[in-house]
Amino acid sequence: MAQLIDGKAIAAQVRGEIREAVSAWTALGHRPPCLRVLLVGDDPASASYVRGKQKAALEVGIDADTLTYESDISEAELLRIIDRLNRDAGVDGILVQLPLPAHIDEQKVIYALNPDKDVDCFHPANVGRIMIGEPRFLPCTPAGIMEMLRRTGIETRGARAVIVGRSNIVGKPMANLLLQKGVDATVTVCHSRTRDLPAITRQADLLVAAIGRAHFITADMVREGAAVIDVGINRVEDASRPRGYRLAGDVDFDAVREKAGWITPVPGGVGPMTIAMLLQNTLKAARRS
Ligand code: GUN
């Protein structure tokens with residue numbers, strides 16, 4: 001039976017440390033770190049994530065506010081808003097919640113961010129810096145996973161890490177962090193075209209599931225004793241729940257926990273760590289500016 005990696009508890013510990021660091025920063029006479037979150041449209045999942053980010057930021061003493069826009073806002077208008085925040089010396093971090101409506105080019109929006117305020121670490125300049133081992137910010141979800149592994153004492157040196165999913169937000173930056181000197185994992189990235197996926201995932205000491213499909217990773221795909229990190233947050237219909245759905249990870253939790261050595265739950269695993277790392281990046285941005 002796997003040991004549970006309690007992301008919720010670890011994230012609370014990290015947030016406590018950030019709260020103290022923010023206090024120490026403002027005690028020196030600096031204004032509190034300032035985060036502006038941009039939410040476009042009315043996607044309920046995005047609205048829920050953004051509420052969680054703002055609440056967590058306020059709780060550690062960050063000046064956080066969410067700017068919300070109708071889904072028909074033009075790309076040009078959104079870019080103007082970003083430009084204004086880029087040049088506002090009172091703003092340290094800017095986060096544009098994704099996905100954006102189809103008529104807005106996400107890449108264009110990401111390129112428009114001032115890299116010094118890009119607390120999501122999505123700008124190509126920041127992504128490139130991770131790749132060469134000179135990060136300005138760390139990408140929130142992969143950094144949250146690294147922090148969870150460190151604080152749980154899971155060894156990455158020489159470990160075989162298999163990442164399932166090649167997104168720009170999780171899969172690719174996760175691979176880069178695991179490859180860094182000192183982390184020293186041997187990394188394989190799998191995706192929808194990977195041949196005989198289970199044969200590869202079964203070799204993993206560390207398996208990171210970031211596919212976006214509920215219960216995709218089944219017990220037969222997991223090596224006995226492996227550490228299994230579940231990045232998925234999928235809504236699955238469940239008439240017994242008040243909202244009509246429940247959250248499910250990319251891992252078939254009940255079966256895989258019988259076989260794995262370590263496993264993260266959903267919810268309460270990677271999600272809270274992602275938010276904690278966003279707060280850390282915001283503090284870092286404030287200290288740098
Ligand atoms: N959408 C899903 N995950 C994320 C994230 O980490 N940051 C932003 N901005 N949008 C997201």
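Look a little higher up for the structure.
The following refers to the structure shown. Computed from a prediction, not measured in an experiment: that's the story for all the values here.

In this section: unusual backbone geometry. Put simply, L98 and P99 share a cis peptide bond, and its omega is 0 degrees. Position of P99 relative to the elements: it lies in the loop between β4 (93-96) and α4 (106-112). Residues V266 and P267 are joined by a peptide bond in cis, for which omega reads -5 degrees. Its place among the elements puts P267 in the loop between β11 (262-263) and α10 (270-288). Of note in this structure, C121 is not a glycine but carries a positive phi near 60 degrees. Along the chain, C121 falls in the loop between α4 and α5 (124-131). In the Ramachandran plot, D196 falls in the positive-phi region, its phi being about 50 degrees despite a non-glycine side chain. Here D196 lies in the loop between β6 (186-190) and α8 (197-201).

Here we come to the packing of helix α6 (residues 140-152) against helix α7 (residues 171-179). Axis angle and axis distance: for two packed helices, these are the angle between their axes and the distance between the axes, and together they describe the pair. Remark: α6 packs on α7, axes separated minimally by 8 Å, with the N-to-C direction vectors making an angle of 40 degrees. When the axis of α6 is compared with that of α7, the two are oblique. Handedness of the crossing formed by α6 with α7: right-handed. Here α6 contributes P142, A143, I145 and M146 to the contact with α7, which in turn contributes P173, M174, L177 and L178. The residue makeup of the contact of α6 with α7, split by class, is eight nonpolar, no polar and no charged.

Let's shift gears to the packing of helix α1 (residues 7-27) against α10. Where α1 meets α10, the closest approach of the two axes is 8 Å, and the angle between their N-to-C directions is 15 degrees. Taken together, α1 and α10 sit at an angle that is classed as roughly parallel. You can see that α1 and α10 cross each other, and the crossing is left-handed. Seen from α1, the contacting residues are G7, K8, I10, A11, V14, R15, I18, A21, V22 and W25; seen from α10, they are P272, M273, A276, M277, L279, Q280, L283, A286 and R287.

Rules behind the numbers
Residues numbered from 1 in each chain as written. Predicted model: local features only at pLDDT ≥ 70, side-chain atom pairs only at ≥ 80, totals over all residues. Heavy atoms only, no water. Helix = DSSP H or I, 4+ residues; strand = E, 2+ residues; numbered from the N terminus. Axes fitted to C-alpha atoms, helices over the stretch in contact; angles between N-to-C directions. Parallel < 35°, antiparallel > 145°, perpendicular 65-115°, else oblique. Left-handed = near helix turned anticlockwise from the far one by under 90°. Contact = heavy atoms within 4.5 Å. Nonpolar A, V, L, I, M, F, W, Y, C, P; charged D, E, K, R; others polar.

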